[in-house]
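Fold and contact review
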Amino acid sequence: MGLCLSSLVIAPAFAQSVTGAVAGRATAGDQITVTNVSNGLSRAVTANADGSYRLGQLPIGDYTLQVSRGGQGVGETVSVNVGLGGTTTVNLTSDGSVTNLSAVQVVGSRVINRVDVHSTESSTNITRAELARLPVDQSVGAVALLAPGVISSGASFGGLSFGGSSVAENVVYINGLDVTDPYRRQGFSSVPFAFYEEFQVKTGGYSAEFGRSTGGVINAVTRSGGNEFHGGMQATFEPSAWASEATDRFHSDGKIGDRDRTSRDGGPFYKANIWASGPIVKDRLFFFAMYEKRKSDPRDIDTTEAWFTKSDNDFWGTKLDWHITDDHLVEFLAFSDKAKSGTSNYEYSWETATLGKKRGESYSGSGGDNWSLTYTGHFSDNFVAKAMYGVNKRSSFGGSSSDATCNRMATGGSYSSLFGKPVALGCHPTNTSISSRNDKREAARLDFEWTLGDHLVRFGVDQEVMDSTSSVVYPGEGGVGYTLLGLPAISERLINGVAVPAGNIAYVDARHYITGAPVSAKAQAVYIEDNWSVTPNLLLSLGVRADKFENTLASGATFAKADFSEMISPRLGFSWDMKGDGTTKVFGNAGRYYIPLTNKITDYFGGGSTDEHTYYLLNGFTTKTNPVTGDPYLTPVLGAQLGPVNTDGNTEAPDDVRTAVARDLKQVFQDEYILGFQQAINQEWSYGINATYRKVTRAIEDVSTRHVEGCPWYSGDWPILNPGETNTLWCPDTNDWVTFDNSVDGYKATGNGMIFGYKKPRRTYKAVEFQLDRAWDDKWAFNASYLWSKSEGNVEGPVNSDTGYNDTNLVQYFDHPAVNERYGVLFNDHRHQIKLRGSYKLNEMWSFGATFSAYSGGPITAFGVRWPNDNRGAGGPGEYSGGGSGWLCELGCSDYKTRQLVYSPLGAFGRMPWVKDLSANVTWTIPVPTGALTARFSVYNLLNSQTVVNVHSRYESQPGTKMPYFGEGKGWQSPRYMQLVVTYGF
């Protein structure tokens, strides 16, 4: 039987929890007992003098509810469902029956709320049961896109935008464990789709228990075992023949697009899993375990080269639930999402569609081992405590099979001009450095829930210690790269001061290079929240959260920190049950949300490096054989060493960053206000409308600082500041602190020498959302939403999607005052969003589902390279080189004194087209003697829409020289593909 899966349900979040609650009114003194249908967990509470009762921190699932009076059962049992992060309201009459069935939905005899009057928050709950009826691809991101206000970013680095925010402002939890990437905050760990039980997508108004996000929250819960043994297997098929070709894109001049050819890209994807669940000890100890094997062979075929990748990975995960007693529970989650792939590079002929000689091999990897342990204790009817500790690991690495044996080789211009460029020098396929990174998060938290009459008081503390270790090294023996150089006949000295003999000398610069070091961030928070039932129909939520953090360098020195007093977040909300029957609700909330610094920004400033140069005479070359391709290649023969090793480039991890980061750095926050209305028309239909306003007025970025009054030392540096605000930096000239207002000081223009400051950052988001929902009744369901929104300002957030730059907090908004002086529509401004989804069961064998989304295209903005009366570049000439001015040159462009510049607002060149996606599926439930066997065939992007989602934004490469492809596409929707999922369970 299906569950009610309305995205109109507005549910409170319980401490990044995996639980829900049952509450309502009954006869004073009656005992209300709920029992989990799956595992027998039973919990009871006595109704207060006013008849109110509440049973909190219940694991999600189906329960039976029984009223007892004087030790005897009263009336029939009532079946209720407890959803993730929500409160199921069941008001009971004196005979133990539900008082008003019009306020709830009854699905297969189970009571499910249509309107959650105990909540002041905004979220969308979606269970595994609903997802099985819909064409939703098997990813957490695909689930989140069902929620109103969530958009797949058209940025070159992808990601999800919640409510106009950038892709680097979201948080993801699995069973209460934060699995968000701590380095750039743009990715997250995940488990197989079949491992999840329910998702909660939060788009605003989170309670005080949630923080470290100014975008959205995805809260996911995995499956658990019960008193019956179950098992099953699932296979997913996506053959390459089931996917449509991507269109080869050409520029207006006929040249192939930036991505080269795409029509022959693709490749098959298959996976299969097997799972089992059941009791280890009946009523007490339960398990759920899954193993999944994945095989993916993507290919990237361009005009003259081809890359064939093989990825053959597995996943394992388990969930253990120990009910020590009905009042004391322990949960253990463990999973590994490690993955590795290998890629072979070949020569390729597009005309004949044939592979040529193999050119090299490379590999990449990601993921890690993760686990969490959670204890929940019910110490009385009124007091619950919860403790969680977990570890989340991530990795990112790459390299090639030639790394150990093939050193990096290069030829300098001084050598080529004298001796020519040698053919087939070196054997490394990319001639680039080897990069790797490992992240580890240790998370711990304590949460308490205390019912005091009309007050439900929640309070707690949490801490996350996030470590990141990154490295960049040269490949080959000894980690040394060789560059061939030459000296002319006139005697000269090398960089290390050694004089060399007269004559045309060929020599080698052997560079040993290693950079990177461990950095760390510790984030802590405390919160308290009072959910006060002022009257039986009016709930006030009064909360406050205080955060602190400290980012430390490899040396152990503090890079940046903030105390609790600097990051205080009030959260206020209300819910008014207008009719007193749970059918109609007005709600609202106002809150402040802070976001901490990432490890990326600390790593950029805080790592040491080994950079040593040793010089040798070149004594010719040796011919060797490439171990991968079998081709011959040349490697230099080193002669006599010329002088000592030059170690000038070696740097230790800094322990003094007073010139690199402002003292008393103030943290980024967002203020949010939501007002909404919901009404259940009947047991099936409901609707709602709400309005949202978000505002950000602060940023933390590296700021081009070319002038500070009273400190000449700052004539070309990029310290971390609060741009547009008062900042304090260390002045080496005066050996003292210097304070300046960055809104009027910080930049000195070339030419006229005028002093300018930086505009204060600002981002606003306004939205009105309407939803209509028809809940599943074992026959059909439907949900429709429309959202009008407007995202404006002069900064998108901590990343820059316009220029394709994703180094969080290190983008180019403040590399020049021209970059952020324009206020207007931002990259994530999609004015209209429409989302539909529905499912229909024809009979016991056949069912159908469909989803449709359409949103208006984002703005097209032009980026120039200069500012009036200033000859310093405000943006680079390349598409991804960063920055950019709103001033475009029309006449006299060769001299800054004669240039005639025209101002171009944000979005001045129109908008990209609407993006539409229609997907559909059919499910065949196959009759089998035991268990359940289904085959679900889904077609994603049924109409094969390949609309442009990103364009070239660079207008000029230099003043007056227009870029040839401005406004032309550089990113498109993925083409149509099909998927077959066969599932058997027993």
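Every value quoted in this text rests on a predicted model; they were computed, and no experiment measured them.

Side note on the overall build of the chain
Secondary structure assignment for the chain yields four helices and 60 strands. Computed over its C-alpha atoms, the radius of gyration of the chain comes to 31 Å, within 12% of the 30 Å expected for a compact globule of 986 residues. C-alpha atoms of the chain, sized along the principal axes, occupy 110 × 65 × 50 Å. For the chain, with 986 residues in total, the buried portion stands at 56%. The contacts in the chain between residues at least 6 apart in sequence include a share of 70% that link residues at least 24 apart.

Description of a nonpolar patch on the surface
Together, Trp780, Tyr840, Leu842, Met845, Trp846, Phe848 and Trp924 make up an exposed nonpolar region whose accessible area comes to about 620 Å². Tracing the backbone shows Met845 in the loop between strand S50 (832–841) and strand S51 (846–855). Judged by relative accessible area, Met845 falls into the partly exposed class, the value being 33%.

Comments concerning the state of the cysteines
Defined simply, a disulfide is a covalent bond joining two cysteines at their sulfur atoms. In this structure the tally under the stated criterion is three disulfides. The disulfide partner of Cys406 is Cys427, and the gap between their sulfur atoms is 1.8 Å. On the sign convention where negative means left-handed, the S-S torsion of about -110 degrees between Cys406 and Cys427 marks this disulfide as left-handed. Of this pair, Cys406 sits in the loop between strand S26 (383–399) and strand S27 (408–411) while Cys427 sits in the loop between helix H3 (413–419) and strand S28 (434–452), placing them 21 residues apart in sequence.

Quick notes on the side chain of Ser263
Within the secondary structure, Ser263 is located in the loop between strand S17 (230–238) and strand S18 (269–281). Of the residues examined, Ser263 reaches a relative accessible area of 12% and is grouped as buried. Only 2.8 Å separates the side chain of Ser263 from the side chain of Asp248, close enough to count as a polar contact. Ignoring any residue separated from it by four or fewer positions in sequence, one finds Ser263 in contact with Glu245, Ala246, Asp248 and Trp350.

Observations concerning the nonpolar core
Formed by 46 residues in total, the largest nonpolar core has its most connected members in Phe559, Leu665 and Ile720. For this core, the element with the highest residue contribution is strand S34 (residues 558–562), accounting for three residues. Here Ile720 is in contact with Phe559, Ile601, Phe605, Ala660, Val661, Ala662, Leu665, Ile700, Glu701, Asp702 and Leu810, once residues within four sequence places are set aside. Counting residues in each nonpolar core, the second largest holds 34 residues, with Val136, Ala144, Tyr196 and Leu333 among its members.

So, the environment of Asn809
The residue Asn809 is located in the loop between strand S48 (780–793) and strand S49 (824–825) in this model. For the pair Asn809 and Arg458, spaced 351 residues apart in sequence, the C-alpha to C-alpha distance is 33 Å. Side-chain polar atoms of Asn809 contact the backbone oxygen of Ile700, separated by 3.1 Å.

Description of the environment of Ile126
Locating Ile126 in the fold gives a position in strand S10 (residues 122–127). When the C-alpha positions of Ile126 and Asp664 are compared, they lie 43 Å apart, and in sequence the two are 538 residues distant.

A short note on the sheet that holds strand S7 (residues 87–89)
Reading across from one edge, S4-S1-S7 is the order of the three strands in this open sheet, with mixed pairing throughout. Strands with a single pairing partner mark the edges of an open sheet, and in this sheet they are strand S4 (52–59) and S7. Adjacent strand axes in the sheet meet at a mean angle of 20 degrees when their direction is disregarded. Summarising the sheet, strand S1 (residues 19–25) and S7 pair through three bridges and their orientation is parallel. When the sheet's bridge partners are listed, Ala23 is paired in S7 with Thr89.

Here we look at the confidence of the model for the chain
Per-residue confidence for the chain gives a mean pLDDT of 91; residues scoring 70 or more make up 96%. The least confident element of the chain is strand S8 (residues 104–107), whose mean pLDDT is 49; the most confident is S51, at 98. Confidence over residues 1–16 falls short of pLDDT 50; this stretch has 104 contacts with residues more than four positions distant or in other chains.

Considerations on the pattern of salt bridges
The full count for this structure, using the stated rule, is 46 salt bridges. Salt-bridge contacts for Arg212 lead to Glu464; the nearest nitrogen and oxygen are separated by 3.7 Å. Taken as a pair, Arg212 in the loop between strand S15 (196–204) and strand S16 (217–222) and Glu464 in strand S29 (residues 455–473) lie far apart in primary sequence, 252 residues in all. This pair shows no difference in class: Arg212 is buried, exactly as Glu464 is. Of the charged contacts, one joins Arg458 and Glu449 as a salt bridge, the two residues approaching to 2.1 Å between their closest N and O atoms. For the pair Arg458 and Glu449, one class covers both residues: buried. Salt bridges sharing partners connect three or more residues here, namely Asp178, Arg212, Arg441, Asp462, Glu464, Arg545 and Asp547.

Topic: the sheet that holds S16
A sheet is described by the order of its strands in space; here five strands give the open sequence S10-S15-S16-S13-S14, paired in mixed fashion. The open sheet is flanked by S10 and strand S14 (177–178), the only strands paired with a single partner. Where strand S13 (residues 171–174) meets S14, two bridges bridge the pair, whose relative direction is antiparallel. Paired with Tyr173 across the bridge in S14 is Asp178.

Some points on the side chain of Ser847
Within the secondary structure, Ser847 sits in strand S51. On the basis of relative accessibility, which here comes to 17%, the residue Ser847 falls in the buried class. Every residue in contact with Ser847, bar those within four places of it in the chain, is listed here: Tyr840, Lys841, Leu842, Asn921, Val922 and Thr923.

Some words on the packing of aromatic side chains
One pass over the structure, following the stated rule, counts 41 aromatic pairs. Taking 5.6 Å as the distance between ring centres and 25 degrees as the angle between the ring planes, the aromatic pair formed by Trp275 and Phe288 counts as stacked. Placement of the pair is Trp275 in strand S18 and Phe288 in strand S19 (residues 285–296), with a sequence separation of 13 residues. Pairing Trp713 with Tyr714 gives two aromatic rings, centres 4.8 Å apart and planes at 85 degrees, and the pair type is edge-to-face. An aromatic cluster of three or more residues is present, and its members are Phe195, Trp275, Phe288, Phe315 and Phe335. In this structure, Arg264 is placed above the aromatic ring of Trp350, and the distance from its NZ or CZ to the ring centre is 3.6 Å.

Regarding the environment of Lys561
Secondary-structure assignment places Lys561 in strand S34. Between the C-alpha atoms of Lys561 and Gly158, which are 403 residues apart in sequence, the distance is 30 Å. If we skip the residues at most four places from it in the chain, Lys561 touches Phe549, Glu550 and Gln667.

Some points on helix H4 (residues 599–606)
Side chains of residues three or four places apart in an α-helix project in the same direction, reflecting 3.6 residues per turn. Where burial is concerned, most of H4 is hidden: seven out of the eight residues are buried. Those residues of H4 that sit buried are Asn599, Lys600, Ile601, Thr602, Asp603, Phe605 and Gly606. Those residues of H4 that are buried are in contact with S29, strand S32 (518–535), strand S33 (538–552), S34 and strand S42 (720–721).

A look at unusual backbone geometry
Positive phi values are uncommon outside glycine, yet Asn175 reaches one of about 50 degrees. Summarising the element assignment, Asn175 is placed in the loop between S13 and S14. One non-glycine residue, Asp260, lies in positive phi territory at about 60 degrees. Its place among the elements puts Asp260 in the loop between S17 and S18. The exposure class of Asp260 is partly exposed, given its relative accessible area of 21%.

Structural notes on the pairing of strand S55 (residues 932–940)
Pairing geometry for strand S54 (residues 915–926) and S55, over seven bridges, is antiparallel. When the bridges of S55 are listed, Val922 appears paired with Phe937. Linking S54 to S55, which pair antiparallel, is a turn of five residues; within it Gly931 sits at a positive phi near 75 degrees. Pairing of S55 with strand S60 (residues 977–985), which is carried by nine bridges, proceeds in the antiparallel orientation. By the bridge assignment for S60, Val939 is matched with Met978.

About the criteria used
- Residues numbered from 1 in each chain as written.
- Predicted model: local features only at pLDDT ≥ 70, side-chain atom pairs only at ≥ 80, totals over all residues.
- Heavy atoms only, no water.
- Helix = DSSP H or I, 4+ residues; strand = E, 2+ residues; numbered from the N terminus.
- Rg over C-alpha atoms; globule rule 2.2 N^0.38 Å.
- Buried < 20%, exposed > 50% of the residue type's maximum accessible area, 1.4 Å probe, protein only.
- Contact = heavy atoms within 4.5 Å.
- Patch = residues over 30% accessible without salt bridge, like charges linked within 9 Å, V, L, I, M, F, W, Y side chains within 5 Å.
- Areas by Shrake-Rupley, 256 points an atom, 1.4 Å probe, with all protein chains shown as cover.
- Salt bridge = Lys/Arg side-chain N within 4 Å of Asp/Glu carboxyl O.
- Disulfide = S-S within 2.5 Å.
- Polar contact = N/O pair within 3.5 Å; in protein donor to acceptor, adjacent residues only side chain to side chain.
- Core = buried A, V, L, I, M, F, W, Y, C linked by side-chain atoms within 4.5 Å.
- Pairing = 2+ DSSP bridges.
- Axes fitted to C-alpha atoms, helices over the stretch in contact; angles between N-to-C directions.
- pLDDT = per-residue confidence, 0-100.
- Phe/Tyr/Trp six-rings, centres within 6.5 Å; stacked < 30°, edge-to-face > 60°.
- Lys NZ or Arg CZ within 6 Å of the ring centre and 35° of its normal.

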